[in-house]
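Read off the chains here:
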Amino acid sequence: MASGPERFLQATAHLPITPQRMPDSTHTAAEAAAAVGVEVGAIVKSLVFVAVDDDGAREPVLALVCGDNRADLDALAAELGARIEKADAKTVKEATGYSIGGVPPLGHPAPVRTVIDRDLLRFDTVWSAAGSAYDVFPASPQQLVAWTGGVLADIGTR
């Protein structure tokens, strides 16, 4: 089976994405910022949650949040019209194909509903995981919106 970075490259081969392997871990936003040499806010945290509707139907949801923000679960719930639960590691892997710490914002086996922290727009370039805790790629926030089909919302809080 291909590694996470290899699967990410295959899934995004049609896009102008150039992943970079870092010598140090990018598992957390702070580690990624230090490895890349940018401020923490320019790191995209790919966080998986489960949206539960009134009928009990469950859907994985990807929240792309500024590295210096926390996901505002009340705002995310309001945006989606559903109750929000934290996803466990198994759900994250099933929904995205990647392990926590290396989840990219795109390149998943099947589309994942995506909500993007509007606060990312304050940066010209943001950095996201590319399939592992050592691989990242740069993109503009606008590219992430286009590539993921995500919706911009005020889902980040400091």
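Residues numbered from 1 in each chain as written. Predicted model: local features only at pLDDT ≥ 70, side-chain atom pairs only at ≥ 80, totals over all residues. Heavy atoms only, no water.

Asker: Whenever I open this one, the layout of surface pockets confuses me. Can you help?
Answerer: Over the atoms, a rolling probe the size of a water molecule traces out where space has been left empty. The calculated volume of the largest pocket comes to roughly 530 Å³. Surrounding the largest pocket, 25 residues form its lining, Lys45, Ser46, Leu47, Ile100 and Gly101 being those nearest its centre. Every element with two or more residues in the lining of the largest pocket is listed here: helix 2 (29–36), strand 2 (44–52) and strand 7 (126–132). At six residues, the largest contribution of residues to the lining of the largest pocket is made by strand 2. Tallied by class, the residues present in the lining of the largest pocket amount to 16 nonpolar, seven polar and two charged. (1 Å grid on protein atoms, 1.4 Å probe; cavity = no way out; pocket = protein on both sides within 12 Å on 5 of 7 lines; lining within 4 Å. Points joined across faces, edges and corners; volume = space filled by probe spheres on them. Helix = DSSP H or I, 4+ residues; strand = E, 2+ residues; numbered from the N terminus. Nonpolar A, V, L, I, M, F, W, Y, C, P; charged D, E, K, R; others polar.)

Asker: Where do I start with the side chain of Asp135 in this structure?
Answerer: With respect to the helices, strands and loops of the structure, Asp135 is situated in strand 8 (residues 135–139). Here the side chain of Asp135 touches Ser132 through a polar contact of 2.5 Å, side chain to side chain. Those residues in contact with Asp135 that lie beyond four places of it in its chain are Pro5, Gln20, Arg21, Thr26, Ser128, Ala129 and Ala130. (Polar contact = N/O pair within 3.5 Å; in protein donor to acceptor, adjacent residues only side chain to side chain. Contact = heavy atoms within 4.5 Å.)

Asker: Looking at this structure, how should I read the pattern of salt bridges?
Answerer: Oppositely charged side chains may form a pair once their charged atoms are brought near each other. This structure, assessed with the given rule, holds ten salt bridges. In this structure, Asp154 and Arg118 form a salt bridge, with 3.1 Å as the shortest nitrogen-oxygen distance. Separated by 36 residues along the polypeptide, Asp154 in the loop between strand 9 (151–153) and strand 10 (156–157) and Arg118 in the loop between strand 6 (113–117) and strand 7 bring together distant segments of the chain. Judged by relative accessible area, Arg118 falls into the partly exposed class, the value being 37%. In this structure, Asp119 engages Arg122 in a salt bridge whose closest nitrogen and oxygen atoms are separated by 3.2 Å. Taking the relative accessible area as the measure of exposure, Asp119 reaches 24% and is therefore partly exposed. Residues participating in the shared-partner salt-bridge network are Asp68, Asp119, Arg122 and Arg158. (Salt bridge = Lys/Arg side-chain N within 4 Å of Asp/Glu carboxyl O. Buried < 20%, exposed > 50% of the residue type's maximum accessible area, 1.4 Å probe, protein only.)

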